[in-house]
Amino acid sequence: LRVCDWRSYTGSSFDGLEIEGLLAVPQDHDDGALPLVVLVHGGPTGTWTWSFVQSLGLAQLLAGEGYATFLPNPRGSSGRGQEFARANLGDMGGGDLQDILTGVEALVRDGIADDARVAITGGSYGGFMASWAVTQTDRFAAAMPFAVVTDWTSFHYTTNIGQFDVLFLQGDPNDPAGPYPKWSPVFHAQGSKTPTLIIHGEDDLCTPLPQATEFYNALVEAGCEVELVVYPRLLQGWQMFSA
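Please read all numbers here as calculations on a predicted model, not as lab measurements.

Cut-offs used in this document
Residues numbered from 1 in each chain as written. Predicted model: local features only at pLDDT ≥ 70, side-chain atom pairs only at ≥ 80, totals over all residues. Heavy atoms only, no water. Helix = DSSP H or I, 4+ residues; strand = E, 2+ residues; numbered from the N terminus. Rg over C-alpha atoms; globule rule 2.2 N^0.38 Å. Buried < 20%, exposed > 50% of the residue type's maximum accessible area, 1.4 Å probe, protein only. Contact = heavy atoms within 4.5 Å. Lys, Arg positive; Asp, Glu negative; His and termini not counted. Charge placed at Lys NZ, Arg CZ, Asp CG, Glu CD. Salt bridge = Lys/Arg side-chain N within 4 Å of Asp/Glu carboxyl O. Pairing = 2+ DSSP bridges. Axes fitted to C-alpha atoms, helices over the stretch in contact; angles between N-to-C directions. Expected span 1.5 Å × (residues − 1). pLDDT = per-residue confidence, 0-100. Core = buried A, V, L, I, M, F, W, Y, C linked by side-chain atoms within 4.5 Å. Phe/Tyr/Trp six-rings, centres within 6.5 Å; stacked < 30°, edge-to-face > 60°.

1. Focus: the overall build of the protein
Along the protein, the regular secondary structure elements total eight helices and eight strands. Taking 243 residues into account, the globule formula puts the C-alpha radius of gyration at 18 Å, and the protein, at 17 Å, falls close to it. Along the longest, intermediate and shortest principal axes, the C-alpha atoms of the protein span 50 × 40 × 30 Å. For the protein, with 243 residues in total, the buried portion stands at 54%. Expressed as a percentage of contacts within the protein between residues at least 6 apart in sequence, the contacts between residues at least 24 apart total 71%. Distance between charge centres in the protein, computed from 11 positive and 28 negative side chains, equals 5 Å.

This is the structure in structure tokens:
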């Protein structure tokens, strides 16, 4: 059933790079700022495209409750050539996060998003980004990361795609001064304030469960409001977004 209207949404990022994405709003909504959920795709060389029932219908469910959903394609996404797809190598969580934040601010300025009611979610790479975001900014009123990556060193030694991180972080997992701790949310959780719901599958081999428990405990120690929900087996369906 049609419960939302889809639009293309394009704007300039912090460095002038054009970033596009999709925006879903409740059907026939014409005016007034809406609570917004930012949904980050997996990959990171995935993409949100014009296709049937994006993200297993999450945008439709949110629209039914009066939310808008922003599905950005930040640098590192596929669909725009190799240069764009490689633009976050060695910088995963840097320019791509700024692309997303710039998009959120544009939606607020355009009167589409309620400045005080913006949340972020996503799985796999999107789970990393939603976890990373709460350690880098207080922009979001809530975060719901799932199938998360939060400690790149332990991820390297426990995942079933062990060379993924070497490719995207462009570093050595055994270097204590290298990119692994630099881009790991667990190492930057101390000042986090965003209420966070972490969702994970118990038998996930790609993003193993300790990635979730590490981040949960790091946020608890930081005094951040956080809950962890673990489902048996995998978060089926979301594994399609894993690299």
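2. A look at the pattern of salt bridges
Taken as a whole and assessed by the stated rule, the structure comprises four salt bridges. Across the pair Arg75 and Asp15 runs a salt bridge whose closest N-O atoms are separated by 2.9 Å. Taken as a pair, Arg75 in the loop between β4 (68–73) and α2 (82–85) and Asp15 in the loop between β1 (4–12) and β2 (18–26) lie far apart in primary sequence, 60 residues in all. By relative accessible area, Arg75 is classed as buried at 8%. By relative accessible area, Asp15 is classed as partly exposed at 43%. Within the structure, one salt-bridge network assembled from shared partners comprises Asp15, Arg75 and Asp99.

3. Some words on the sheet that holds strand β5 (residues 113–123)
Reading across from one edge, β1-β2-β4-β3-β5-β6-β7-β8 is the order of the eight strands in this open sheet, with mixed pairing throughout. What marks the edges here is a single partner per strand, and that holds for β1 and β8 (226–231). Recorded for the sheet is a direction-independent mean angle of 20° between the axes of neighbouring strands. By the bridge criterion, six bridges tie strand β7 (residues 196–201) to β8 in an arrangement that is parallel. If you follow Ile198 over to β8, its bridge partner there is Leu228. Against the sheet, helix α3 (residues 95–109) makes contact with β1, β2, β3 (34–40), β4 and β5, and its axis sits at roughly 140° relative to β4, the strand it touches most. Docked against the sheet, helix α4 (residues 125–136) engages β3, β5, β6 (142–146) and β7, running at close to 135° with respect to β5.

4. Here's the deal with α3
The first and last C-alpha atoms of α3 sit 21 Å apart over 15 residues, in line with the 21 Å expected at 1.5 Å per residue. Of the positions making up α3, those classed as buried are Gly95, Asp96, Leu97, Asp99, Ile100, Leu101, Gly103, Val104, Ala106, Leu107 and Val108. Contact partners of the buried residues in α3: β1, β2, β3, β4, β5 and α4. Of the residues trailing α3, Gly111 is marked for its positive phi of about 80°.

5. Considerations on unusual backbone geometry
Cis peptide bonds are those with omega within 30 degrees of zero, and the linkage from Gly43 to Pro44 qualifies with 5°. Inspection of the secondary structure assignment puts Pro44 in the loop between β3 and α1 (58–64). Although it is not a glycine, Ala147 adopts a positive phi angle of roughly 45°. Here Ala147 falls in the buried class, since its relative accessible area comes to 4%. Residues other than glycine seldom take positive phi values, yet Gln170 does so here, at roughly 55°. Structurally, Gln170 is set in the loop between α6 (164–169) and α7 (179–182).

6. Brief notes about the confidence of the model for the protein
Averaged over every residue, the pLDDT of the protein is 94; the share at 70 or more is 96%. Confidence over residues 236–243 falls short of pLDDT 50; this stretch has 17 contacts with residues more than four positions distant or in other chains.

7. Things to note about the nonpolar core
Nonpolar side chains in soluble globular proteins tend to end up buried together. Counting 48 residues, the largest nonpolar core has Leu36, Val38 and Trp152 as the members making the most contacts within it. With near-sequence residues (within four places) excluded, Val38 lies in contact with Phe70, Pro72, Ile100, Val104, Val118, Ala119, Ile120, Thr121 and Phe140.

8. Some remarks on the packing of aromatic side chains
Taken as a whole and assessed by the stated rule, the structure comprises eight aromatic pairs. Where Phe128 meets Trp132, the ring centres are 6.1 Å apart and the plane angle is 20°; that geometry is what we call stacked. With Phe128 and Trp132 both in helix α4, this residue pair falls four residues apart, about one helical turn. With centroids separated by 6.2 Å and ring planes inclined at 25°, the aromatic side chains of Trp152 and Phe164 adopt a geometry described as stacked. Of the two residues, Trp152 is situated in helix α5 (residues 152–158) and Phe164 in helix α6; the sequence distance between them amounts to 12 residues.

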